[in-house]
Amino acid sequence: MSFTSEERPAQGRREDRRTVTDPRALRALAHPLRLALLDHLMAFGARTASECAEAVGSTPSNCSYHLRALAKFGLVERVEAEDGRERPWQSTATGLTLGRTEDPAMQFGADSVERFFADHQIDEDAARLHRSIAQRDSVPPEWREASILSGYALRISPAELRELGERLDALIRPYIALTRPDAPDDSAVVMLGLNAFRHPDQPLAPDGEAAGS
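Residues numbered from 1 in each chain as written. Predicted model: local features only at pLDDT ≥ 70, side-chain atom pairs only at ≥ 80, totals over all residues. Heavy atoms only, no water.

### Describing the overall build of the protein
Item 1. What the protein contains, in helices and strands, is 7 helices and 4 strands.
Item 2. Ordered by position from the N terminus, the helices and strands of the protein form the series β-α-α-α-α-β-β-β-α-α-α.
Item 3. The contacts in the protein between residues at least 6 apart in sequence include a share of 63% that link residues at least 24 apart.
Item 4. Looking at the protein as shown, the accessible area adds up to about 14,900 Å², and 53% of this sits on carbon and sulfur atoms. (Helix = DSSP H or I, 4+ residues; strand = E, 2+ residues; numbered from the N terminus. Contact = heavy atoms within 4.5 Å. Areas by Shrake-Rupley, 256 points an atom, 1.4 Å probe, with all protein chains shown as cover.)

### Notes on the nonpolar core
Item 1. Ranked by size, the top nonpolar core spans 19 residues in total, and within it Leu-29, Leu-37, Leu-41, Cys-63, Leu-67 and Val-76 carry the most contacts.
Item 2. For this core, the elements supplying multiple residues, two or more each, are helix H1 (23–29), helix H2 (32–44), helix H3 (49–56) and helix H4 (60–72).
Item 3. Those residues in contact with Leu-29, other than ones at most four positions away along the chain, are Leu-35, Leu-38, Leu-70, Leu-75, Phe-116 and Phe-117. (Core = buried A, V, L, I, M, F, W, Y, C linked by side-chain atoms within 4.5 Å. Buried < 20%, exposed > 50% of the residue type's maximum accessible area, 1.4 Å probe, protein only.)

### Thoughts on a negative patch on the surface
Item 1. Together, Glu-142, Glu-145, Asp-185 and Asp-186 give the surface a local cluster of negative charge.
Item 2. Mapped onto the fold, Glu-145 is located in helix H6 (residues 141–146). (Patch = residues over 30% accessible without salt bridge, like charges linked within 9 Å, V, L, I, M, F, W, Y side chains within 5 Å. Salt bridge = Lys/Arg side-chain N within 4 Å of Asp/Glu carboxyl O. Lys, Arg positive; Asp, Glu negative; His and termini not counted. Charge placed at Lys NZ, Arg CZ, Asp CG, Glu CD.)

### Here's the deal with the packing of H3 against H4
Item 1. Between H3 and H4, the shortest axis-to-axis distance is 8 Å and the interhelical angle comes to 105°. Between H3 and H4, the crossing angle belongs to the class labelled roughly perpendicular. Residues Ala-49, Ser-50, Cys-52, Ala-53 and Val-56 of H3 form the contact with H4, whose own contacting residues are Pro-60, Cys-63, Ser-64 and Leu-67.
Item 2. For the contact of H3 with H4, the class distribution of residues is 7 nonpolar, 2 polar and no charged. (Axes fitted to C-alpha atoms, helices over the stretch in contact; angles between N-to-C directions. Parallel < 35°, antiparallel > 145°, perpendicular 65-115°, else oblique. Nonpolar A, V, L, I, M, F, W, Y, C, P; charged D, E, K, R; others polar.)

### Considerations on H4
Item 1. An ideal rise of 1.5 Å per residue puts 18 Å on 13 residues; H4 measures up with 18 Å between its terminal C-alpha atoms.
Item 2. Regarding H4, the residues found buried are Cys-63, Ser-64, His-66, Leu-67, Ala-69 and Leu-70.
Item 3. Of the surrounding elements, those touching the buried residues of H4 are H1, H2, H3, strand S2 (76–78) and strand S3 (89–91).
Item 4. Where H4 terminates, the next one or two residues include Gly-74, which has phi positive at roughly 70°. (Expected span 1.5 Å × (residues − 1).)

And the structure:
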């Protein structure tokens, strides 16, 4: 049975959160289109290069090139086609983090890629949010009412913030699109972004600690 981009199921994979430490793989990820392709595959499951191209605003041949580059480092892989036509790609992991190393030269590269990741994610999240707002009038009422756009200013210690992040992750993880085996029939892929950081307007004391801490 074949599926379109909107219909092909992406649920039920075994969770595989992977830490990337290979500097060559980190350099391969330091490319906006490759990050966009990987992000799309992790959100929607297996997709052909043609389907990816439509989603990320590129061409099938260009997406194929960059998908092959990601495959060289084990970040994506081909899967069997449902209809015997173009073989789709899928991410090999269901989540990625950047690893730490004791080698200062390698860590400098990892830090640079981490900053690139962060800037890219912020830009992509903002772009998706703007697209969502633009499409708001065409979204079914139940989805409009369920959507969340909230911001909070917390007074919290580093240890409490770490604990809060772990608790939120445990609460959210059962709903991850790639790994959820029991999604209701009326479910859809939802973008949830969480950002928590010391407020940039919080002044620093002379010793470098946040004033008032």
